[in-house]
Amino acid sequence: MFLFIISFLFISSALAQFKKSKGAKDDAALFFVNKRPVTGEEFKYVYRKNNPSNPENYTDAKMQEYFDLLIYFKLKVEEARQRGMDTTATFEKEFKTYHEELKKPFLAEADALEKLARETYERLKEEVKASHILISINGSLPQDTLAAYEKIEAIRKTIMEGDDFAAAARQNSDDPSAKHNGGGLGYFTALQMVFPFEDAAYKLKPGEISRPVRTRFGYHIIKVEDRRPARGEVEVSHILLRANPTAPEQVRNKAFDIFDQLKGGRNWDEVCNEFSDDQSTKSTGGKLRPFGVGAMASAPEFESVAFSLKEPGEISDPFQSQFGWHIIKLERKIPLLPYSELQASLKRKVGRDERLQI
């Protein structure tokens, strides 16, 4: 008890010294209770936590009053320690209960994470084809959000009354690509769109149009055009002849000449190494990593042709994309793996995804 009294006498002017010393470090001790330091950082933390940021709460009198309360609190805690109250079975049980309750808002429950992973897996079994209209929120004020919402609601109303969705997207959408694709996104599956967008799209039937959907990009309205079973992934090899704007016909003729050589029996790897303009793959037979729907968004023709091939070893006709002319050879098709094999990776992905915020 004598130590507690000495500590009390020592700290009577500590707060005044702390406030006067502008260069004082937050980790400096304001006072000690039985040699246990109480720092400026701790005082600031508990004060701000328990007092709203109103000017009337930050007067000298208010802070001195709270400082005195902190002293008495620390003395009572130390007295409890001296009596061994923190080692009783009742205390430890109660403390553990509080500990678990405080953790809950910050940690995903195991069953919740499992539920989200399974929901994601079920969505991976299906591909959705959709279009959208985006209205960005220009500013951070409430009226900016309201203006964007009212604008997209008005656009949706005209579409529901008969206006063409693609035409409305070309005219109004803040997605730059809408000017040439009418808002079309092609097919996609789970984990390829931001979660609020994915969630809304997967809850629509073909032909339905969503209510406004808020994402970090702004407000969207979504029209689902088709749904189909997922096709998994595909692995292909390719030969690329890069586009040449000054001699487009020459590149086309070369592509068909290479195709004729392959059909005539020339070895694929040999032809690829001789002619392909993809320097990163030509020496390895043009082999690419497996990819799924939506992975070739910049070259949809490539994805379409790759998935159209049926049997390993089948070679496509030459076709053109924005990058040039391609010939593809199918290596293998990879169906969606069982949930048991994807469970761990899905939980990791879901754990980093917006959907965990639920």
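Residues numbered from 1 in each chain as written. Predicted model: local features only at pLDDT ≥ 70, side-chain atom pairs only at ≥ 80, totals over all residues. Heavy atoms only, no water.

(A) Layout of the overall build of the protein. Each helix and strand in the protein was counted, giving 14 helices and 10 strands. Here the C-alpha radius of gyration of the protein, 33 Å, is well above what a compact globule of 358 residues would show, namely 21 Å. Its C-alpha atoms give the protein principal-axis dimensions of roughly 100 × 50 × 45 Å. By residue count, 37% of the 358 residues in the protein fall in the buried class. (Helix = DSSP H or I, 4+ residues; strand = E, 2+ residues; numbered from the N terminus. Rg over C-alpha atoms; globule rule 2.2 N^0.38 Å. Buried < 20%, exposed > 50% of the residue type's maximum accessible area, 1.4 Å probe, protein only.)

(B) Representation of the pattern of salt bridges. Scanning the entire structure with this criterion turns up 24 salt bridges. Linking Glu 79 and Arg 83 is a salt bridge whose minimum nitrogen-to-oxygen distance equals 3.1 Å. Accessibility expressed as a relative area gives 29% for Glu 79, which makes it partly exposed. With relative accessibility at 62%, the residue Arg 83 sits in the exposed group. For Lys 125, the salt bridge goes to Glu 122, with nearest N and O atoms at 3.2 Å. The exposure class assigned to Lys 125 is partly exposed, which follows from its relative accessible area of 39%. Among the charged side chains, a network of salt bridges with common partners joins Glu 119, Arg 123, Glu 198, Asp 199, Lys 203, Asp 353 and Arg 355. (Salt bridge = Lys/Arg side-chain N within 4 Å of Asp/Glu carboxyl O.)

(C) View of the packing of helix H11 (residues 248-263) against helix H12 (residues 268-275). Closest axis-to-axis distance for the H11/H12 pair is 10 Å, and the angle between their directions is 160°. For the element pair H11 / H12, the angle class is roughly antiparallel. As for the relative orientation of H11 and H12, their crossing is right-handed in sense. In this structure, H11 contributes Lys 254, Ile 258, Gln 261 and Leu 262 to the contact, and H12 contributes Trp 268, Val 271 and Phe 275. A per-class count over the contact of H11 with H12 returns five nonpolar, one polar and one charged. (Axes fitted to C-alpha atoms, helices over the stretch in contact; angles between N-to-C directions. Parallel < 35°, antiparallel > 145°, perpendicular 65-115°, else oblique. Left-handed = near helix turned anticlockwise from the far one by under 90°. Contact = heavy atoms within 4.5 Å. Nonpolar A, V, L, I, M, F, W, Y, C, P; charged D, E, K, R; others polar.)

(D) Seen up close, the sheet that holds strand S3 (residues 126-135). The strand order across the open sheet built from four strands is S4-S3-S6-S5, with neighbouring strands paired in antiparallel fashion. Looking at the sheet topology across the chains shown, the edges are occupied by strand S4 (184-188) and strand S5 (213-215). Neighbour-to-neighbour, the strand axes of the sheet open up by a mean angle of 40°, direction not taken into account. Two elements, S3 and strand S6 (residues 218-229), share 10 bridges in a ladder whose sense is antiparallel. Of the residues in S6, the one forming a bridge with Lys 129 is Asp 226. With respect to the sheet, helix H8 (residues 165-172) is in contact with S3 and S6, its orientation differing from that of S3 by roughly 45°. Packing of helix H10 (residues 195-202) onto the sheet brings it into contact with S3, S4, S5 and S6, and relative to S6 it is tilted by some 50°. (Pairing = 2+ DSSP bridges.)

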